[in-house]
Number of protein chains: 2
Amino acid sequence: MSRFLVSKYSDLEAYTPGEQPKDRKYIKLNTNESPYPPSEGVLRAVNSSQAELLRLYPDPTCSQLKGKIAGLYGLAPENVFISNSSDDMLNIAFTAFASDEKPAYYPDITYGFYKVFSKLHGTKAKIFPLREDFTIDPQNYMGLAEGLIVITNPNAPTGLALSPEDIKKICLGSPDCIVIADEAYVDFGAESCIKLIGELENLIVCRTYSKSMSMAGARLGFAFASKEIIQDLEKIKYSTNPYSVNRITLAAGEAAIDDIEYYRDNCRKIIETREKTSQELKKLGFELTDSKANFIFAKSDKLPGKLIFEKLREKGILVRRFEQDRISEYLRITVGSPEEMQALTEALKDILSE
Amino acid sequence: MSRFLVSKYSDLEAYTPGEQPKDRKYIKLNTNESPYPPSEGVLRAVNSSQAELLRLYPDPTCSQLKGKIAGLYGLAPENVFISNSSDDMLNIAFTAFASDEKPAYYPDITYGFYKVFSKLHGTKAKIFPLREDFTIDPQNYMGLAEGLIVITNPNAPTGLALSPEDIKKICLGSPDCIVIADEAYVDFGAESCIKLIGELENLIVCRTYSKSMSMAGARLGFAFASKEIIQDLEKIKYSTNPYSVNRITLAAGEAAIDDIEYYRDNCRKIIETREKTSQELKKLGFELTDSKANFIFAKSDKLPGKLIFEKLREKGILVRRFEQDRISEYLRITVGSPEEMQALTEALKDILSE
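What you are looking at is a predicted structure, and each value in this text was computed from that prediction instead of being measured.

### Quick word on the overall build of chain A
Stage number 1. When you go through chain A residue by residue, the secondary structure sums to eleven helices and twelve strands.
Stage number 2. Relative to the compact-globule value of 20 Å for 354 residues, chain A shows a C-alpha radius of gyration of 20 Å, a close match.
Stage number 3. Overall, chain A is about 60 × 50 × 50 Å in size when its C-alpha atoms are taken along their principal axes.
Stage number 4. For chain A, buried positions account for 62% of its 354 residues.
Stage number 5. Long-range pairs, those at least 24 residues apart, make up 73% of the contacts in chain A between residues at least 6 apart in sequence.
Stage number 6. Summed over its atoms, the accessible surface of chain A is roughly 13200 Å², and 49% of this surface lies on carbon and sulfur atoms.
Stage number 7. Across chain A, 45 positive and 51 negative side-chain charges occur, with their mean positions spaced 3 Å apart.

### As for the pairing of strand β7 (residues 203-208) of chain A
Residue and element names in this part refer to chain A.
Stage number 1. For β7, the tally of buried residues reaches six of six residues, placing the bulk of the element in the interior.
Stage number 2. Here β7 shows two buried faces, one formed by Leu203, Val205 and Arg207 and the other by Ile204, Cys206 and Thr208.
Stage number 3. Strand direction decides the pairing type here: strand β6 (residues 177-182) and β7, joined by four bridges, are parallel. Paired with Val179 across the bridge in β7 is Leu203.
Stage number 4. Note: β7 against strand β8 (residues 221-224), four bridges, orientation antiparallel. Directly across from Cys206, in β8, lies its bridge partner Ala223.

### Focus: the interface of chain A and chain B
Stage number 1. Of the residues lining the interface, 86 residues belong to chain A; the matching set on chain B comes to 86 residues.
Stage number 2. Interface area for chain A against chain B, summed over the two sides, is near 6600 Å², with a carbon-plus-sulfur share of 56%.
Stage number 3. Interface area lost by chain A to chain B is led by Phe4(A), Arg55(A) and Tyr57(A), which between them contribute 12%.
Stage number 4. Run the count over chain A and chain B and you get four salt bridges.
Stage number 5. Here Glu201(A) ties to Arg3(B) by a salt bridge, and the two come within 3.0 Å at their closest N and O atoms.
Stage number 6. Counting the contacts that link chain A with chain B gives 44 residue pairs in polar contact (both at pLDDT 80 or more).
Stage number 7. Among the secondary structure elements, those contributing two or more residues to the side of chain A that touches chain B are α1 (40-47), α2 (51-54), α4 (86-97), α5 (113-120), β6, α7 (227-238) and α8 (247-258) of chain A.

### Brief notes about the sheet that holds strand β12 (residues 330-334) of chain B
Residue and element names in this part refer to chain B.
Stage number 1. Strand order in the open sheet formed by three strands is β9-β10-β12, and the pairing between neighbours is antiparallel. Edge positions in the sheet fall to β9 (286-288) and β12, since each of these pairs with one other strand and no more. For this sheet, the mean inter-axis angle between neighbouring strands, taken without regard to orientation, is 35°.
Stage number 2. Contacting β9, β10 (295-300) and β12, helix α10 (residues 305-314) runs over the sheet at an angle of about 35° to β12.
Stage number 3. Sitting on the sheet, helix α11 (residues 338-353) touches β9, β10 and β12, and the angle it makes with β12 is about 155°.

### Describing the UniProt feature "modified residue: N6-(pyridoxal phosphate)lysine" (unreviewed entry) in chain A
Stage number 1. The feature "modified residue: N6-(pyridoxal phosphate)lysine" (unreviewed entry), as annotated in UniProt, sits at Lys211(A) in this numbering.
Stage number 2. In this fold, Lys211(A) is placed in the loop between β7 and β8.
Stage number 3. Not counting chain neighbours up to four residues away, the residues in contact with Lys211(A) comprise Thr31(A), Asn32(A), Ser34(A), Ala184(A), Tyr185(A), Phe188(A), Asn294(A) and Tyr57(B).

### Some details on unusual backbone geometry
Stage number 1. Following Asn153(A), the chain continues to Pro154(A) via a peptide bond in cis, the omega torsion being 0°.
Stage number 2. Turning to its location among the elements, Pro154(A) is positioned in the loop between β5 (147-152) and α6 (164-173).
Stage number 3. The omega torsion across Ala156(A) and Pro157(A) is 5°, close enough to zero to call that bond cis.
Stage number 4. Unlike most non-glycine residues, Arg219(A) shows phi in positive territory, near 65°.
Stage number 5. As for its position among the elements, Arg219(A) is in the loop between β7 and β8.
Stage number 6. Look at Cys62(B): it is not a glycine, yet its phi comes out positive at around 50°.
Stage number 7. Tracing the sequence through the fold places Cys62(B) in the loop between α2 (51-54) and α3 (63-73).

Basis of the calculations
- In every chain, residue numbers begin from 1 and rise along the written sequence.
- Going through the entries in the order they are written, you letter the chains from A and number the ligands from 1.
- Given that the model is predicted, a residue must reach a pLDDT of at least 70 before its local features are reported, and side-chain atom pairs must reach 80 or more before they are shown or counted; all residues, however, enter totals for whole chains, interfaces and linings.
- Only hydrogens and water are set aside; all other atoms, that is, all heavy atoms of the structure, feed into the side-chain values.
- Runs of H or I in DSSP of at least four residues are treated as helices and runs of E of at least two as strands, each being numbered from the N terminus.
- Taken over C-alpha atoms, the radius of gyration is set against a globule rule of 2.2 Å times the number of residues to the power 0.38.
- We call a residue buried when its accessible area falls under 20% of the maximum for its residue type, exposed when it is over 50%, and partly exposed in between, using a 1.4 Å probe and counting protein chains only.
- Pairs of residues are marked as contacts when any of their non-hydrogen atoms sit within 4.5 Å.
- Note on areas: these come from Shrake-Rupley sampling with a 1.4 Å probe, and a residue is covered only by the protein chains present in the view.
- When charges are counted, Lys and Arg are positive and Asp and Glu negative, with His and the chain ends excluded.
- Lysine's charge is taken at NZ, arginine's at CZ, aspartate's at CG and glutamate's at CD.
- Any two strands with at least two DSSP bridges between them are considered paired.
- Summed over both partners, the accessible surface that disappears when two parts come together, traced with a 1.4 Å probe, is what is meant by buried area.
- Just to be clear on terms, a salt bridge is a Lys or Arg side-chain nitrogen sitting within 4 Å of an Asp or Glu carboxyl oxygen.
- Under this definition, polar contacts are N or O atom pairs within 3.5 Å; protein pairs additionally need one hydrogen-donor-capable and one acceptor-capable atom, and for neighbouring residues in sequence, both atoms have to be side-chain atoms.
- In this analysis, axes come from line fits to C-alpha atoms, helices being fitted only over the stretch in contact, and the angle between any two N-to-C directions falls in the range 0 to 180 degrees.
- UniProt positions are given in the numbering used here, feature names are shortened, and annotations may be inferred rather than shown by experiment.

What follows is the structure, encoded as structure tokens:
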């Protein structure tokens, strides 16, 4: 730290991403990436990015991509926000809708970045513990003073989903709060709240290309909300980094929408692999949540989570583990290809029988 | 605007980028892009971005690119910061080093985004008028209370440069301020302050791939500073959007460094075109600053700036004009290819003789 840093950031602790070690080749089940490549159309779009295009600034309004996304989800372009990843969108939303006077509200066990955004933006965070079974109690989020409610849905790392009806109850129950439904994982079996846009004044639905669209490397997020909320988000975007989404990512994002069936097929495969692997893990004595995401959240009845984590790593398999109360025995295991999950199951069998 | 927006942003006015109209094909001399394409190596790097890579998150530490940039400029990787454009870097620096108690200091005529960042971050801006001849008076920036001094060098839209000696005087004269030398345009004939990194505790030198590296469409910026300042910038980066630079841009950025001689040649060509066009404009009665950037800043002795701007637009040539005191008669004209500048000169001849 330098002596010049604004003092309120001196004890800010940045988000810790899942490790990306380079010491050997790993089966990477630790950062919820897709095991399947982007579509042929996306690869063509990337490869046909021409010199002429790269020397010129991208369109800061992302109007073509907005139009494509609006069309796919049956909304108007004015209801769509485009960002350089969903983290970028969340940071912009915290800027716009949370402050020292407008708290952020979220569960104790959820995406770890909300805590960082709260600290960064000087927001008093009000944190509601999940129920004993890791479900969110919608009642916690009713009657709240103006601020920002953030619900990852399905939640991470539990994989458990609220219904759109519950999200609607929260929106209506706290009408002076913005409610973000962060649907990063929704394509793997949960029900989206997009259909509520238009009906609810205070709802933002946030999405990403990183999981179901196999484009974590390209950095692209989007969100749906009322025209007025989108204007607020864009005011902040255009006041921080107007051209944050580059030309190649925009082209790739458009091409992916054209190939949406390919991605839907991938999601079906991932769901199938998740269910199959879940059965295998249960046979090995693991306790699992009913995950609707592209990861499994599991605890062994025999060995500590930390030990399994380390033994898997020794065997060349990376999973994610959180040093946090109530979940420190759990592993969050990304659903990879069937072959990768087979290797995982075999490795766990070995570890448990050692 | 929605009723949920944090009130301090209600009168925030976002930065207005140069227009990107699509109604016809224009000669685009309004956003300081390069007339030359990225190098062959960059195109190869983009085209060889493989499926496997795009589905995976990029390296948030950008370590390979950091190493290449450090090597090119003779510094250590720990002195290098990588960002999604130099706007992103500036926004992060305003976050880290300016606040309601730490003012931002900058000239009245400079990059328009500083004003937006000041408002966004609740910083009291202290603005120093340029001298009558549009030069910066380094004395203005001596003995300042702790805060953030931002000097575009060469300045925009004037093109006038301070020497590294003057920047050094400012750093030493206001030792409790961070001093950013924003060198977006330095490759077109000014002298860089990079050699002062290591010597001066409070200097940040900020650079971009958008101008001399022909990659405005890929969004890539970088900065040099002490190890401690880089740590501060990274703390903010990793607390807002850790993976902000995508895989393809990282690969392109690395390849561009390998092809640095190509870009240096382009800069030489652009300088030559600038000087030739400047002579032509002087013959037409224009008054010009001694620009060291990839643009010309010029005022006609015959017609109002607004009229020329509009007439050029009608003729299919876009330039930039600022509705601001002291410079509203001036045009900022990006140095394009020799053919484009020939077309500009011809168009101006026509307009002046109409």
